[in-house]
Structure formats: C-alpha cells, structure tokens
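Breakdown of the fold
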Amino acid sequence: MNISQLNDLYRQLIIDHAQHPHHHGELAQADQQINLNNPTCGDVIDLQVIFENEYIKEIAFSGDGCSISQASASMMCDLVKGQSTAQAKQEIAVFLEMLMNNPDEPSETLGDAAVLAAVVKFPARIKCATLAWKALEQAITQEEDHGGN
Amino acid sequence: MVKDIATARNDFPLLATTMNQAPITYLDNAATTQKPQPVIDRLIKYYQTENVNVQRGVYALAQATTTKYEQVRQQVADFLNAQPTEIVFTRGTTTSLNWVAQSFAPTVIQPDDEILITIMEHHSNLVPWQIVAQKLGARLRYVELDDAGHLDLKQLQASLTSRTKIVALTHVSNVLGTINPIKQITTWAHRVGAYVVVDGAQAVGHLPVDVQDLDCDFYAFSGHKVYGPTGIGVLYGKAALLAQMPPVEYGGEMINLVTRQTTDFKPAPAKFEAGTMPIAQVIGLGAALDYLTSLGWSQIMTQEQHLLQLAGSQLQAIPGVTLYGPALTTAHSAVLSFNLAGVHPHDLATVLDSQGVAIRAGHHCAQPLMTALQVSATARASFAFYNNDQDVERLITAVKMAKEFFQA
Ligand SMILES: Cc1ncc(COP(=O)(O)O)c(C=O)c1O
C-alpha cells in the first residue's frame, strides 16, 4: 500500500472533522443517551439526542476514539440534525450499506460522510466508522419504543 | 548442537511473505508467534503417518502415537521442571486459568475470603476471578502499579492476610512488558497460606521457567505463543492440588469405571482430558519446545533484550512518543506499549500497516490497566528472537512517517 491509499483514507475533510469535531460535547437534557463501545479496540461513544415531534432537534457526542470514529460521528451529527427520525433511519441504512457493499458509488445524500466510503478498503477500520451510526440507530429505536409522548 | 540465532529467522516461512506490498515486519508476537518449518513439518508428518486417536487403540499405530503424545507431556514437564502427572493439556492459557478458577477455587474459598490479582492482568486472568468471587461471596482485590511502572510490592505484601486464599498474577505483562518477581511473591503468599496461580502466557518461550524454583501452585501457558500450534495449552498444577480439583468436563477417556449411577475418574492429568484431545497440536507443541531448546535461552534472551533496547531507545527519541511500563532494564520483556501524541493508536497502526509493519493497537485485553494508565488504548510492538535490527528500523521509520502524515 502506498501513501496515496492512505491519503484516500485520511482525506483532509476527515482529519478536519476528527481534529475539530462538530456537535462534540454534552446536552443538558437529552431524551436518549446511548453508550456504545467497540470491544475489539476500546473506542467509546456517548451519543445524546433530543427529539421533538419525531425530529432530531439536538444531537451531540462525546467519547474517545480514532480519527475515523470521531470524524464519522461528527459528520453524522451534521447530517441528521433537523432530520425526521424516518429520514435519519434511511441515512443510517445508506451509510451502513455503503460500508458493507458499495464503495464505488458513495451516496449523494450522505453529505461529508460520503468520503468515508474509503474506509471499505481498510476492513479493520469499518467498525470504527460505523460505531456512531449504530448508536444513533439504537437511540431512535429507544425513542420509538419508550420515549416521546 | 546449538543452532545459530542469526539464521533462525529463515526457519519461519511467514516472515518471508509480504503485507501491503511490503516485506512483512511482524511485531505482534505477544498476540501469537510465527511457526518454524520444523513445527509445520511435524504437523504434516503427524497427519500423513501418525493420525489415530490416542489412549484407546489396541493396534500398533495407536500405541505408537499414544506414546508420542505422552512423551510431549514428559517434555513439557522437563521444560518447566515438573512431573508429567502435573501437566494437563488444555485449549490454551485462557482455559487453564478458567479451570483453576472454576474447579480449584471452590475447594479453598469460603465466603468473605479474598482473591488477590493485579491491575496488569489480561482479561483471561481477571474475568474468571471476578465470576468466581461473585459466586463464592469472596472479595476480589487488586495490586496496583508503583510510580516506576512495576507492581507495587509493598501494597502486595500489605494486602496479604489470612483471608487471602488465592493470588493470581501474570509472570510477564502483555502490555507493559513488566517481569514480575514470582518467586518472591510466592514466598510471601505461602506465608499466609494463599495459593499462587501464574499466567505464563507471555513468559514461556522468552525466559526459562522453573515451577519448582518459583514454587507456584499453578502455571498456565499457550502453545501458539511459544512457536507452536493454536488450540493447545498447558496447565501445570502441584500434584496434590490437581488431586483435590474435580474434573471440569466429563466424558470419554477420563474415567476408570462407569456404572448406571456413578463414575470413578482416572487420576490427574487424565481426569481433566475428557474426549478426544488436540493430538496433532500436542505433537506440534513438542516440536516447538524442541526448536526452542535447539536455540537455547542465552541466545533467545540476548537477542530479545537487544531488540527491546534498540527499539525502546529509538522510540523514546521521537518527540511526542510516550512509552508505558517500567524502565528498559532486564526486568522488562521485549514488549513495548507506546503512544504518539495527537495520533490515535488505531490511526498509527493503519499507517504502519500500509508499510507492512504489524503491531497491535487497542486495549490488549487489559481494560482495567488502560483505565489505570489513563489511556483508552496504546500501540504495542512485541518482539521475538527472530526479529532483527531491520525490523526495528522499519518500525521507527513508519512511526516517523505517521508523525509526519498526521503532522503530530
Ligand atoms: C498475559 C496473557 N494472558 C493470557 C492470554 C490468553 O492466552 P490465550 O488466548 O492463548 O488463551 C494472553 C494472550 O493474549 C496473554 O497475553
């Protein structure tokens, strides 16, 4: 593997998000809070979401992880903030599908997160990229099951 | 005749392969070691000409292979300075330690007794004790690190009381490389009547182990970390203690007599080896120990110390690199955990991977230790005698490249 493949993985956009993550921090009164970790490597994410009328009103994450997991969480929060839970679930499905199967056509709807398609070439890192998205999936499920009104 | 260590590398076919179009630089020896051709050849020979089930056939080949299987038990006993009746074959270190926790611990632990372990334990010498402590109503206590990165021996001594029934600790830390003074600790523990269980996964194959000299009560190690096959491990236990320990599994070959309602078991070690054992792996383990013996401890330890000093000093010289663990003395095995400021160890490992350098990044199955060190993960380079100066050079070059790449 050469530097250009590495450059592909660590695009400036990914580095920027990792070094200056958006929506990083804690929410005062979250409706749902999910703590997930990647047991193979110890990455942890704490995802907090405030829902309003089946929309994601506020979202924030904290925790600790590699640049891929941090950038992915940052990009995801940018993307889903303000979306309906149905839309967000669709984005999660598209993102997971992109990392499992179809790297050649990064989805247009994913915003910055589309650059994470490069992770497919680094199978050991896919779990880093998907951690935040799995946390959001759980947060939405919990909200639908127990939360809301 | 003693084999020359400089050429030993050529005995390991995997080391001649490539990874990401670069010659592989294998520095994950604490996870598993590569296998020399004589071990691989021995496995092939077994399957081609010796494959039968052991301990039960009347025919000549079954007898011959059973004899070879039992010869490896003798060989392991000699290797550890034990008796063959004290050597139980298991699936690996994890199984060995679990068996001691599940089967031996209940014979000596009463509610409110204490089990003493250390903060540097691998999960396989930690979780089994948590579970058994919960089950028996015992207390699990920890020995912490001192400021120099060694076990806090003062605290260890102070923690030993008449309530302490088991002290379980690693001989060599898989994260920090610390070599613990087992013999000293055993003396202290025995004074209060506690039994000592040693996790030898990172020690055997890197330094001589004499269980009589250490006077430990149990000692566990894995074949795959001593240049042998996966799926085979060893539990050494003092004869009297194995005798008081009930079998963990029941089945064929471990019995003397079965009637409708009752069973009489064979004595140890047979009572622990229920069912068909990993016979090929036992035979392969024998070949691995032969191989180690042909090199001799002096060469193995000199080369591993050399690599530790070389890599340790060069890593330390890179601005932003933090090494964890004790100072680089001879009480340090060739395992180096480190971090590069501003670069997460996974990102570091990915850059190293791109250069063919295989290291480990993560918590190394030692999460409580990571918490104590106040890190979430580290990078770890671990060496074997077959590594050379060029491997160290490739590691250092790749770490510097990562530093540049991430502008850390
Ligand atoms: C210190 C230590 N103990 C126990 C183990 C577990 O060994 P195994 O996975 O072979 O059972 C390991 C392996 O990583 C280890 O390093």
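Fair warning: this is a prediction, and the values are worked out from it, not measured in the lab.

**Remarks on the overall build of chain B**
Within chain B, the regular secondary structure consists of 14 helices and 17 strands. At 22 Å, chain B has a C-alpha radius of gyration in line with the 22 Å of a compact globule built from 408 residues. Taking the principal axes of the C-alpha coordinates as reference, chain B spans close to 75 × 55 × 35 Å. Relative to its full complement of 408 residues, chain B shows a buried share of 56%. Residue pairs in contact within chain B that sit at least 24 positions apart in sequence constitute 70% of those at least 6 positions apart. Counting every atom, chain B has about 16,000 Å² of accessible surface; 53% of that belongs to carbon and sulfur. Looking at charge distribution, chain B has the averaged site of its 27 positive side-chain charges lying 4 Å from that of its 33 negative ones.

**A short note on unusual backbone geometry**
Note on backbone geometry: most residues besides glycine have negative phi, and most peptide bonds are trans. Residues and elements named next belong to chain B. The omega torsion across A268 and P269 is 0 degrees, close enough to zero to call that bond cis. Relative to the assigned elements, P269 resides in the loop between β12 (263-265) and α10 (279-295). Phi at D215 takes a positive value of approximately 60 degrees, unusual for a residue other than glycine. Mapped onto the elements of the fold, D215 is located in the loop between α8 (211-214) and β9 (218-222). Take D215: its relative accessible area is 33%, and that puts it in the partly exposed class.

**Considerations on the UniProt feature "domain: Aminotransferase class V" (unreviewed entry) in chain B**
The UniProt feature table records "domain: Aminotransferase class V" (unreviewed entry) at residues 25-395 of chain B. Segment residues 25-395 of chain B splits into 40% helix and 18% strand. End C-alpha atoms: 8 Å apart.

**Description of the pattern of salt bridges**
Residue and element names in this part refer to chain B. In total, this model carries 20 salt bridges over all chains according to the counting rule given. D11 serves as the salt-bridge partner of K3, at 3.0 Å between the closest nitrogen and oxygen. On the accessibility criterion, K3 (25% relative accessible area) is partly exposed. Between R73 and E273 there is a salt bridge whose closest N-O contact spans 2.8 Å. Highlighted residues: R73 in helix α3 (residues 60-80) and E273 in the loop between β12 and α10, separated in sequence by 200 residues. Across the pair, E273 and R73 agree in class, each one buried. Through salt bridges with shared partners, a single ionic network connects R42, K45, E50 and K68.

**Some points on the interface of chain B and chain A**
Listed by partner, the interface residues are 17 residues for chain B and 21 residues for chain A. On the chain B side of the contact with chain A, H346, T350 and F405 of chain B bury the most area, a combined 34% of that side's loss. At the junction of chain B with chain A, the criterion picks out one salt bridge. The shortest N-O distance in the salt bridge between D347 of chain B and R125 of chain A comes to 2.8 Å. Applying the counting criterion to the chain B and chain A interface returns six residue pairs in polar contact (both at pLDDT 80 or more). Secondary structure elements with two or more residues in the side of chain B that touches chain A: α12 (345-354) and α14 (389-405) of chain B. For the side of chain B that touches chain A, the element with the highest residue contribution is α12 of chain B, accounting for six residues. Broken down by class, the residue content of the side of chain B that touches chain A amounts to five nonpolar, 10 polar and two charged.

**A look at the site of the ligand**
All names here are of chain B. Around the ligand sit T93, T94, H122, S124, T170, N174, D199, A201, Q202, S222, H224 and K225, and those are all the residues in its vicinity. At 2.5 Å from a nitrogen atom of the ligand is found a side-chain nitrogen or oxygen belonging to D199. In the environment of the ligand, an oxygen atom lies 2.6 Å from a nitrogen or oxygen atom belonging to the side chain of K225. Notes on the ligand: free accessible area 400 Å², of which the protein chains cover 85%. By residue class, the composition of the shell around the ligand is one nonpolar, nine polar and two charged.

So, how was this worked out
- Residues numbered from 1 in each chain as written.
- Chains lettered and ligands numbered in written order.
- Predicted model: local features only at pLDDT ≥ 70, side-chain atom pairs only at ≥ 80, totals over all residues.
- Heavy atoms only, no water.
- Helix = DSSP H or I, 4+ residues; strand = E, 2+ residues; numbered from the N terminus.
- Rg over C-alpha atoms; globule rule 2.2 N^0.38 Å.
- Buried < 20%, exposed > 50% of the residue type's maximum accessible area, 1.4 Å probe, protein only.
- Contact = heavy atoms within 4.5 Å.
- Areas by Shrake-Rupley, 256 points an atom, 1.4 Å probe, with all protein chains shown as cover.
- Lys, Arg positive; Asp, Glu negative; His and termini not counted.
- Charge placed at Lys NZ, Arg CZ, Asp CG, Glu CD.
- UniProt positions renumbered as here; feature names shortened; annotations may be inferred.
- Salt bridge = Lys/Arg side-chain N within 4 Å of Asp/Glu carboxyl O.
- Buried area = accessible area lost by both parts, 1.4 Å probe.
- Polar contact = N/O pair within 3.5 Å; in protein donor to acceptor, adjacent residues only side chain to side chain.
- Nonpolar A, V, L, I, M, F, W, Y, C, P; charged D, E, K, R; others polar.
- Near = heavy atom within 4 Å.

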